[in-house]
Amino acid sequence: MAEEVPAAAASSYIPYVHSQTLTPHAHAVSSVKFSPDGRLLASASGDQTIRTYSINPNDGVNPIAEPAQVFSGHDSGISDVAFSSDARFIVSASDDKTLKLWDAETGSPIKTLRGHTNYVFCATFNPQSNMVASGSFDETVRIWDVTTGKCLKVLPAHSDPVTAVDFNRDGSLIVSSSYDGLCRVWDSGTGHCVKTLMDDEKNPPVSFVRFSPNGKFILVGTLDNTLRLWNISSAKYIKTYSGHANSQYSVSSAFSVTNGKRIVSGSEDKCVYMWELNSRKLLQKLEGHTEPVMSVACHPTENMIASGSLDKSIRIWAQKK
Amino acid sequence: MNAPIIDPLQGDFPEVIEEYLEHGVIKCVAFNHRGSLLAAGCADGSCVIWDFETRGIAKELRDNDCAAAITSVSWSKYGHRLLVSAADKSLTLWDVSTGEKIARTTLQQTPLHARLNPGLTSPSLCLACPLSSAPMIVDFEIGCTTLLPVYVPEMMPDVLLAPQQRSKCSESGPPFSPAAACFNKCGDLVYVGNAKGEILIVDYKSVKVLALVPVSGGSAVKNIVFSRNGKYLLTNSHDRIIRIYENLLPAKDVLRSLEDLGKNVDGGVDGVEKLKAVGSKCLTLFREFQDLVTKMHWKAPCFSGDGEWVVGGSACKGEHKIYIWDRAGHLVKILEGPKEALIDLAWHPVHPVIVSVSLTGLVYIWAKDYTENWSAFAPDFKELEENEEYVEREDEFDLMPETGKVKVSSVNEDEEVDIETVEKDAFSDSDMSVEELRYLPAEPIPDTNEEQDELKLIEARISASPASEEAGQNGHVADHTPSPLGEMGETRGKRKRKPSEKAMELQAEKAKSSKASGRTVREKSRAVGDQEIVDSVNGDDEDDVDAYY
């Protein structure tokens, strides 16, 4: 099911193959995430539920992912889900304008975070997992205290819906992206804007942003079918990745560092794309989904990718053993 | 790591009260190594640890045996343990992450000040300064206390050895003036400041005085504190002067250096003179700070995290003044708080933040008065210090139709990019072999059912639409409040008259309306033009979306 794009230097590249398809959801899957310890996979869907799966090692015999828990309680579809660093809690961002904190093991809701005045689109824990940052269609980014559920700060982030938020490695910075074409970097302690990054001429809506593992670069996905890697301090982009389709939806991408440095992204042409980070060569296109692939996640330690699509399914891809 | 991006030009000391923390009546505060947690001791014997980032309570340490006011709190180097001294003469050692008591011991007198050895990772050794006797080393594991020498008698040829093992020390000198003491940075030496105005450098393991530094003026030393990097020592004396000394001893292997110094001193000199000679090689007076106008006593002086600033609180009752000097000796700021006496002060190890405790038990957080950095909001905006004359190019405003601005991408995309290596943390000390306890895991407090209903009712009342009261009928709140901005909001608000008809109205509305709105969950499509989004009510709307699209 996987097609390998021939490339000169790919002789050492072991292609990923489709390993498993899960179709537990009744509507499109909007987001998939692996827990930081790699034991769980979570998926969020428009059917108002989140599901977790426990991840078993890829021994080629047993299925990798087994359904674990179902989290229901939201009144509308869910756009994003994230694990806390110790994988004990899950936060979900929903169209019912709230975020919910859940206990990952038992599936029970713990807290509801209210304050946004429009759909909450994205959410993430900070590495210390004492704060949650969320971005919403109400054009703000909010920082919440996990213990009390209070909204600690409201950042007047953008002039269009905020499409993605991410913390850096030590939790001191937050990056946010929006359809207004800007990416802004904020100091998470004071809530003040530190930098704004923008593509000068074209200014396409930014659908996704994420910090690199060392926090010096950000991976920016824009609705002109391009992914760029920006250097934050110089405010210039240094790599461009293209070949995929992304002009309508908020497709997410990820860094894959377990097996050579790669960029993995979903695409509206129903495939998962993988590029080599430095050479920008397209390494592989994973085919199998029947609808645009909205979200991809890379396992923190194993060579495993999970993808969620509008076709309501989640597919797990692993390297051929 | 973010040093290059954050503006380095902002001054480094706080200016205004940002917030205050309250939890009973606080008596003393201490930051952990990174400043991510703030421990505070209360008047009722309990300790509370705040998560300084969220300003929420992370942990409470309560000991049922101890109901007396806490006199001091002290963190271990990596933040795993907390030492608490209380007015009932006890010292308690807590394990921070579990919140359990590790050890507890009772002394002969109330310790005013207790400090854990900063050199050990899991210290069970601490320095306690009681109200009216010599400072002592308390070892929790062995369970013994060792009194440290406070005076060096003039006549003795040899160095005085203080009696050991739980006996009261019979030293000369006034019995009631407390001596101040502190560990040096690596914890092998104790610097004792006594009532005669001398600093003694003591090796606590052998209980020997290794050097003596007389403080000019000869008045009793009330506080003695090291800077975080161990390079500077501060003494607060009864003559209302704060003195800064530069530490000449090397950071490592201090004992050996002192021994060598001792040997190098001239042969003829002996006893006290010898100690003084050695002492002069250990510390040199750097600066003196005093307020010549008001001649006030100082309380709780300390260094800033980087050692650049010295801060001291005014000990006058009825005023809450904090003086900040730079190390060169200039008074840079006086912070004035509410009219309550100041009882404790701490400077954040990393950020320009000061925490002060007032007599009423409130903890005030002083931070910089931030002026928004507007240039951060626009990517190519450059702030100028003063007006610059702009001279335009000859052809700047010429219209050149043929040459469209084809900006050739001058980016060399083939360069290697490293996304993984992280620079060493500027604030970590030399050896980080032990995992530091930086944060206490956050435990979300579950919402109770009453809270949920209450919040929903409040939401219902707040929402702009007049029909919101009836929303409760459906069993859940139908939030049809559009965002307050924008023209569409009001028209839509008027259309929604009754919640029971809302679903039908929405369908009709969507069929009519030609404006695409980015409201669907599944597609996450881009909001074209109109920002006002009809709020989704319940799941069955999703079927409508199919028809809509």
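Throughout this document, residue positions are counted from 1 along each chain, in the order its sequence is written. Each chain takes a letter, starting from A, and each ligand takes a number, starting from 1, following the order in which they are written. Restriction of local features to residues with pLDDT of at least 70 applies here, the model being predicted, together with a cutoff of 80 or more for giving and counting side-chain atom pairs; totals for whole chains, interfaces and linings are based on all residues. Only heavy atoms go into the side-chain values, all of them from the structure, while hydrogens and water stay out.

**Some thoughts on the overall build of chain A**
(1) Moving on: Note on conventions: DSSP H or I runs of at least 4 residues are helices, E runs of at least 2 residues are strands, and numbering of each starts at the N terminus. The number of helices and strands found in chain A is zero helices and 29 strands.
(2) Moving on: Here the globule rule is a power law, 2.2 Å times the number of residues to the power 0.38, and the radius of gyration is based on C-alpha atoms. By the compact-globule yardstick of 20 Å for 321 residues, chain A fits well, its C-alpha radius of gyration being 18 Å.
(3) Moving on: The C-alpha extent of chain A, read off along each of the three principal axes, is 50 × 45 × 30 Å.
(4) Moving on: Of all 321 residues assigned to chain A, the portion counted as buried reaches 67%.
(5) Moving on: Whether two residues are in contact is decided by their heavy atoms: any pair within 4.5 Å suffices. Taking as baseline every contact in chain A between residues at least 6 positions apart, the subset at least 24 positions apart corresponds to 45%.
(6) Moving on: Accessible area for chain A stands at about 9700 Å²; split by element, carbon and sulfur atoms hold 47% of it.
(7) Moving on: This count recognises Lys and Arg as positive and Asp and Glu as negative, with His and chain-terminal groups excluded. By convention, the charge on Lys lies at NZ, on Arg at CZ, on Asp at CG and on Glu at CD. Of note, chain A has its 30 positive side-chain charges centred 4 Å away from the centre of its 32 negative side-chain charges. The classification of residues rests on relative accessible area computed with a 1.4 Å probe and restricted to protein chains. Under 20% of the type maximum is buried, over 50% is exposed, and intermediate values are partly exposed. In short, Shrake-Rupley with a 1.4 Å probe defines the accessible areas, and a residue's cover is counted only from the protein chains shown.

**As for the confidence of the model for chain A**
Low pLDDT means the predicted atomic positions in that stretch should not be read closely.
(1) Moving on: Scored by pLDDT, chain A comes out at a mean of 88, with 95% of its residues at no less than 70.
(2) Moving on: Within a predicted model, pLDDT stands for the predictor's per-residue confidence, ranging from 0 to 100. Note on residues 1-10 of chain A: pLDDT is under 50 here. Beyond four places in sequence and across chains, it has 19 contacts.

**Overview of unusual backbone geometry**
(1) Moving on: For A:Lys312, which is not glycine, the phi dihedral falls at a positive 70 degrees.
(2) Moving on: Checked against the element boundaries, A:Lys312 lands in the loop between β28 (304-309) and β29 (314-319).
(3) Moving on: Of note in this structure, B:Val207 is not a glycine but carries a positive phi near 55 degrees.
(4) Moving on: Residue position: B:Val207 is located in the loop between β16 (198-203) and β17 (208-214).
(5) Moving on: Residue classification places B:Val207 among the buried positions, given a relative accessible area of 2%.

**Some details on a positive patch on the surface**
(1) Moving on: Within the patch definition used here, like charges are joined within 9 Å and nonpolar side chains (Val, Leu, Ile, Met, Phe, Trp, Tyr) within 5 Å, considering only residues with over 30% relative accessible area and no salt bridge. Salt bridge, as used here, is a side-chain nitrogen of Lys or Arg placed within 4 Å of a carboxyl oxygen of Asp or Glu. There is a patch of like positive charges on the surface, built from B:Lys222, B:Arg240, B:Lys295, B:Lys299 and B:Lys317.
(2) Moving on: By secondary structure assignment, the location of B:Lys299 is in strand β22 (residues 298-303).

**Description of the sheet that holds strand β26 (residues 342-347) of chain B**
Residues and elements named next belong to chain B.
(1) Moving on: Judged by pairing direction, the sheet is antiparallel, and its four strands sit side by side in the order β1-β28-β27-β26 without closing on themselves. Each having just a single partner strand, β1 (16-21) and β26 make up the two edges of the open sheet. The mean inter-strand angle of the sheet, taken between neighbouring strand axes irrespective of direction, is 25 degrees. Note on pairing: two strands pair once DSSP finds at least 2 bridges between them. Between the N-to-C directions of two axes lies an angle of 0 to 180 degrees, each axis being a line fitted to C-alpha atoms and, for a helix, fitted only over the stretch in contact.

**Some points on the environment of B:Glu246**
(1) Moving on: Along the chain, B:Glu246 turns up in strand β20 (residues 242-247).
(2) Moving on: Residues B:Glu246 and B:Val209, 37 residues apart in the sequence, show an inter-C-alpha distance of 20 Å.

**Quick notes on the nonpolar core**
Residues and elements named next belong to chain B.
(1) Moving on: In this structure, Leu91, Ile137 and Val190 are the most contacted members of the largest nonpolar core, which totals 32 residues.
(2) Moving on: Counting residues per element, the ones that place at least two in this core are β8 (90-95), β10 (111-116), β11 (125-130), β12 (136-139), β14 (180-183), β15 (190-193), β16 and β17.
(3) Moving on: Ranked by residue count, the leading element in this core is β11, at five residues.
(4) Moving on: What Ile137 contacts, discounting residues up to four positions off in sequence, is Leu125, Cys126, Leu127, Cys144, Thr145, Thr146, Leu148, Phe183, Val190 and Tyr204.
(5) Moving on: Residues grouped as a nonpolar core are buried Ala, Val, Leu, Ile, Met, Phe, Trp, Tyr and Cys residues, joined through side-chain atoms within 4.5 Å. The next biggest cluster of nonpolar side chains, apart from the first, holds 22 residues, and it includes Ala211, Val213, Val254 and Leu258.

**A word on a negative patch on the surface**
Residues and elements named next belong to chain B.
(1) Moving on: Taken together, the side chains of Glu383, Glu385, Glu386 and Glu388 present a region of like negative charge at the surface.
(2) Moving on: By secondary structure assignment, the location of Glu385 is in the loop between β28 (363-367) and α3 (449-462).
(3) Moving on: By relative accessible area, which is 79% here, Glu385 ends up exposed.

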